[in-house]
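# Understanding the architecture of this molecule
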Amino acid sequence: MSRRKDARQKQILDRLAITPTLRVGQLARGFEVTTETIRRDLEELAAQGLIARTYGGAMLRREVEPALAERHLDLVEERAAIAREAVRMMAGARVVMLGSGATTTLLAQRMALDLGDLTVIAHSTSIAAALAANPTIQVIMAPGLYHAGEGAMHGAQTVRFLSDYSADWAVCGASALSPLGPSDALIEAGEVYATMMRQCARTMVVADHSKFDRIATARYADWGELDALVSDAAPTGPLAQALAAAGVSVRLA
């Protein structure tokens, strides 16, 4: 690789770290090269797993997520606000399926404070523990293969179990949100979330702004399959356009 190409590709990654989604035309103008040159750069970066190609551009790939215990320390106030808004949306629900994650654990804590006479179907031990603080909330735990880093059950047994139930709401977190839909760093978690959404009358994703304009390994839904996104900031650009086109209600905490 020439020094010029090497420097240009490093700068592309630096720019994507600031502006997570960029178009080929923008990059070509910024570097004063042809669009064909930029497309070759993007293809090479994508082949290295550093970016994900989008229609007409690129976005950063979401790095492997840290363990749940570490994620609990990030953006706590923002995620707590998301949890409060999500609980307001679930008013009147009697059965909820709740996915694993740091934001959904905060949501479970808020549900234990604000809701009652409710059944929650979960696959996360931290969510079950949080809901146990409210004796009027019945928790049904899905079986499966335990993932220590996530503190949750995954696998074929989990999916089969969830397929026997239905609920008013499915509420899931996400590692990344792109114009194509929400995705998760764990393939196994993505399978569980997709199953939950198929079994529920309404579907919601709860995710903070750090997930915007990223893509992770397992995309578990199209935006057209979702009713609502609850976040702490408003999406912009292609992500906002995709949400609007799919009719997803964006609720800000």
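Rules of the game
Residues numbered from 1 in each chain as written. Predicted model: local features only at pLDDT ≥ 70, side-chain atom pairs only at ≥ 80, totals over all residues. Heavy atoms only, no water. Pairing = 2+ DSSP bridges. Helix = DSSP H or I, 4+ residues; strand = E, 2+ residues; numbered from the N terminus. Axes fitted to C-alpha atoms, helices over the stretch in contact; angles between N-to-C directions. Contact = heavy atoms within 4.5 Å. Phe/Tyr/Trp six-rings, centres within 6.5 Å; stacked < 30°, edge-to-face > 60°. Buried < 20%, exposed > 50% of the residue type's maximum accessible area, 1.4 Å probe, protein only. Core = buried A, V, L, I, M, F, W, Y, C linked by side-chain atoms within 4.5 Å. Expected span 1.5 Å × (residues − 1). Salt bridge = Lys/Arg side-chain N within 4 Å of Asp/Glu carboxyl O. Disulfide = S-S within 2.5 Å.

### Topic: the sheet that holds strand β11 (residues 181–184)
- Pairing in this open sheet of 3 strands is antiparallel, and the strands run β10-β11-β13 from one edge to the other. Sheet topology places β10 (176–178) and β13 (218–219) at the edges, where each strand pairs with a single neighbour.

### Description of the sheet that holds strand β15 (residues 249–252)
- The strand order across the open sheet formed by 7 strands is β6-β5-β4-β9-β12-β14-β15, and the pairing between neighbours is parallel. Two strands lie at the open edges of the sheet, namely β6 (137–141) and β15, each paired on one side alone. Taking each pair of neighbouring strands and ignoring which way they run, the sheet shows an average axis angle of 25°.
- Where strand β5 (residues 118–122) meets β6, 5 bridges bridge the pair, whose relative direction is parallel. Across the sheet, Ile121 pairs through a bridge with Ile140, a residue of β6.
- With respect to the sheet, helix α5 (residues 76–89) is in contact with β9 (167–172), β12 (200–206), β14 (228–231) and β15, its orientation differing from that of β14 by roughly 150°.

### Considerations on the environment of Phe31
- Within the element layout of this structure, Phe31 appears in helix α2 (residues 24–31).
- Among residues more than four places away in sequence, those in contact with Phe31 are Arg8, Gln11, Ile12, Arg15 and Ile38.

### Examining the packing of aromatic side chains
- Under the criterion given, the structure shown has 2 aromatic pairs.
- Taken together, a centroid distance of 5.1 Å and an interplanar angle of 40° make the contact between Phe161 and Tyr165 tilted.
- With a centroid separation of 5.1 Å and 75° between ring planes, the pair formed by Tyr193 and Tyr220 is classed as edge-to-face. Taken together, the residues span a long stretch of sequence, with Tyr193 in helix α9 (residues 187–198) and Tyr220 in the loop between β13 and β14 at a distance of 27 residues. Here the two residues Tyr193 and Tyr220 agree in accessibility, since each one is buried.

### Some points on the nonpolar core
- Ranked by internal contacts, the top residues of the largest apolar core, which has 30 residues, are Leu162, Leu177, Met197, Val205, Tyr220 and Trp223.
- Contributions of two or more residues to this core are made by α8 (156–162), β9, α9, β12 and α10 (237–246).
- Leave out the neighbours within four places in its chain, and Tyr220 touches Cys172, Gly173, Ala174, Pro182, Ser183, Asp184, Gly190, Tyr193, Ala194, Met197 and Val205.

### Section: α5
- Relative to the 20 Å expected for 14 residues at 1.5 Å per residue, α5 spans 20 Å between its end C-alpha atoms, a close match to the ideal helical length.
- Taken together, the buried positions of α5 are Arg79, Ala81, Ile82, Ala83, Glu85, Ala86, Val87 and Met89.

### A word on the pattern of salt bridges
- In this structure the tally under the stated criterion is 7 salt bridges.
- Between Arg8 and Asp41 there is a salt bridge, with its nearest N and O atoms 2.5 Å apart. In this pair, Arg8 sits in helix α1 (residues 3–18) while Asp41 sits in helix α3 (residues 35–47), placing the two residues 33 residues apart along the sequence.
- By relative accessible area, which is 10% here, Arg8 ends up buried.
- In this structure, the salt-bridge partner of Arg219 is Asp222, at a minimum N-O distance of 2.2 Å.
- For Arg219, a relative accessible area of 45% translates into the label partly exposed.
- Among the charged side chains, a network of salt bridges with common partners joins Glu85, Arg88 and Arg251.

### What about the state of the cysteines?
- Overall, the coordinates contain 0 disulfides when judged by the stated rule.
- Summary of cysteine pairing: Cys172 is not part of a disulfide, and the nearest cysteine sulfur, belonging to Cys200, is at 8.1 Å.

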